[in-house]
Amino acid sequence: SAVISQKPSRDICQRGTSLTIQCQVDSQVTMMFWYRQQPGQSLTLIATANQGSEATYESGFVIDKFPISRPNLTFSTLTVSNMSPEDSSIYLCSVEGVERRSYNEQFFGPGTRLTVL
Amino acid sequence: GESVGLHLPTLSVQEGDNSIINCAYSNSASDYFIWYKQESGKGPQFIIDIRSNMDKRQGQRVTVLLNKTVKHLSLQIAATQPGDSAVYFCAETTPNDYKLSFGAGTTVTVRA
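A short tour of the structure in this document, coming up. What you see is a predicted model, and the numbers here were worked out from it, not measured in a lab. (Residues numbered from 1 in each chain as written. Chains lettered and ligands numbered in written order. Predicted model: local features only at pLDDT ≥ 70, side-chain atom pairs only at ≥ 80, totals over all residues. Heavy atoms only, no water.)

**As for the interface of chain B and chain A**
- Residue-level contacts link 19 residues of chain B with 22 residues of chain A.
- Summed over both partners, the interface of chain B with chain A buries about 1,700 Å², with 57% contributed by carbon and sulfur atoms.
- The three residues of chain B that bury the most area against chain A are Tyr98(B), Lys99(B) and Phe102(B), which together make up 31% of that side's buried surface.
- Viewed at the interface, chain A and chain B are joined by one salt bridge.
- Salt-bridge contacts for Lys99(B) lead to Glu58(A); the nearest nitrogen and oxygen are separated by 3.3 Å.
- Summed over the shared surface of chain B and chain A, the result is five residue pairs in polar contact (both at pLDDT 80 or more).
- For the side of chain B that touches chain A, the elements supplying multiple residues, two or more each, are β4 (32–38) and β5 (45–51) of chain B.
- In terms of residue count, β4(B) provides more of the side of chain B that touches chain A than any other element does, four residues in total. (Contact = heavy atoms within 4.5 Å. Buried area = accessible area lost by both parts, 1.4 Å probe. Salt bridge = Lys/Arg side-chain N within 4 Å of Asp/Glu carboxyl O. Polar contact = N/O pair within 3.5 Å; in protein donor to acceptor, adjacent residues only side chain to side chain. Helix = DSSP H or I, 4+ residues; strand = E, 2+ residues; numbered from the N terminus.)

**What to know about the pattern of salt bridges**
All names here are of chain A.
- Counted according to the given criterion, the structure contains five salt bridges over all chains.
- Here Asp87 makes a salt bridge to Lys65, at a shortest N to O gap of 2.6 Å. A residue pair is termed long-range when its members are at least 10 positions apart, and Asp87 in the loop between β8 (75–80) and β9 (89–96) and Lys65 in the loop between β6 (56–57) and β7 (68–72) qualify at 22 residues.
- Look at Asp87 and you get buried, because its relative accessible area is 5%. (Buried < 20%, exposed > 50% of the residue type's maximum accessible area, 1.4 Å probe, protein only.)

**Details of the state of the cysteines**
Residues and elements named next belong to chain A.
- In total, this model carries two disulfides over all chains according to the counting rule given.
- The partner cysteine of Cys23 in its disulfide is Cys93, sulfur to sulfur 1.9 Å. Across the S-S bond linking Cys23 and Cys93, the dihedral sits near 65°, which makes this disulfide right-handed. Of this pair, Cys23 sits in strand β3 (residues 19–25) while Cys93 sits in strand β9; the two residues are 70 residues apart in sequence, bridging distant segments of the chain. (Disulfide = S-S within 2.5 Å.)

**Quick notes on the sheet that holds β3(A)**
Residue and element names in this part refer to chain A.
- Spatially, four strands are ordered β1-β3-β8-β7 in an open sheet, and the strand pairing comes out antiparallel. A strand with exactly one partner marks an edge of an open sheet, and here the two such strands are β1 (4–7) and β7. The mean angle between the axes of side-by-side strands here comes to 15°, regardless of whether they run parallel or antiparallel.
- Taken together, the six bridges between β3 and β8 define a ladder with antiparallel strand orientation. Across the sheet, Cys23 pairs through a bridge with Ser76, a residue of β8. (Pairing = 2+ DSSP bridges. Axes fitted to C-alpha atoms, helices over the stretch in contact; angles between N-to-C directions.)

**So, the side chain of Arg70(A)**
Residues and elements named next belong to chain A.
- Along the chain, the position of Arg70 falls in strand β7.
- Buried and without a salt bridge, Arg70 has Glu96 as its closest oppositely charged side chain, separated by 6.8 Å.
- A distance of 2.8 Å separates a polar atom in the side chain of Arg70 from the backbone oxygen of Ala49.
- Side-chain polar atoms of Arg70 contact the backbone oxygen of Leu73, separated by 3.2 Å. (Lys, Arg positive; Asp, Glu negative; His and termini not counted.)

**Quick word on the pairing of strand β5 (residues 43–50) of chain A**
All names here are of chain A.
- In terms of residue burial, β5 counts as a mostly covered element, since six of its eight residues are buried.
- Relative to β5, strand β4 (residues 31–37) is paired through seven bridges, and the arrangement is antiparallel. Bridge pairing in β5 places Arg36 opposite Thr44.
- In sequence, β4 turns back onto β5 through a hairpin of five residues, with Gly40 there showing a positive phi of about 70°.
- Bridge count between β5 and β6: two bridges; the pairing is antiparallel. If you follow Thr48 over to β6, its bridge partner there is Thr56.
- Counting the residues that bridge the hairpin from β5 to β6 gives five residues, and of these Gly52 lies at a positive phi of roughly 90°.

If you want it as structure tokens, here you go:
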């Protein structure tokens, strides 16, 4: 499995500000995913980020609120813009299984715990 | 929409006993399922997966059972240890779709 790191691991932010979360993987992967996990909840997919193309957003998530960059095959960023307390969550990136199995497995980073005051 | 769900939100288990975590799914087109373990403060960790052409798969101390007739998935943990305390999620995907749909999660607490 890939080794995935995220920065920052946690942050406390003021409402109205923006935070950019970085995700770094130790091998080249085509597909990277960003999830949100609200307190005590399951994971919800925000968007899929492929290198060289615009991110694909899920219903309920828009690019203006969650802009994503994917400059190369090992790195991606997610920005949480104009934050409000409702954005307080754990944000997780994941990557496809690098063994390229027939079915998609995903491996997750440690997450970024965001608190918005 | 269709979703993956769990029967029990919490499970308390005596150390050394076996644990069974259940998951119901409603999308009959799902053909691949994964169990994840998430410890406090960490990201989900891949435990075991199963394809729809199988009904059982075993790993180290874990077994996943798939019953496609009733759309039911379970994770069995043998000889549960304190380190097994975590939230367990099942996830599903459909053919040619890289997106995973996650269930609500079951919190497993191991009693010493």
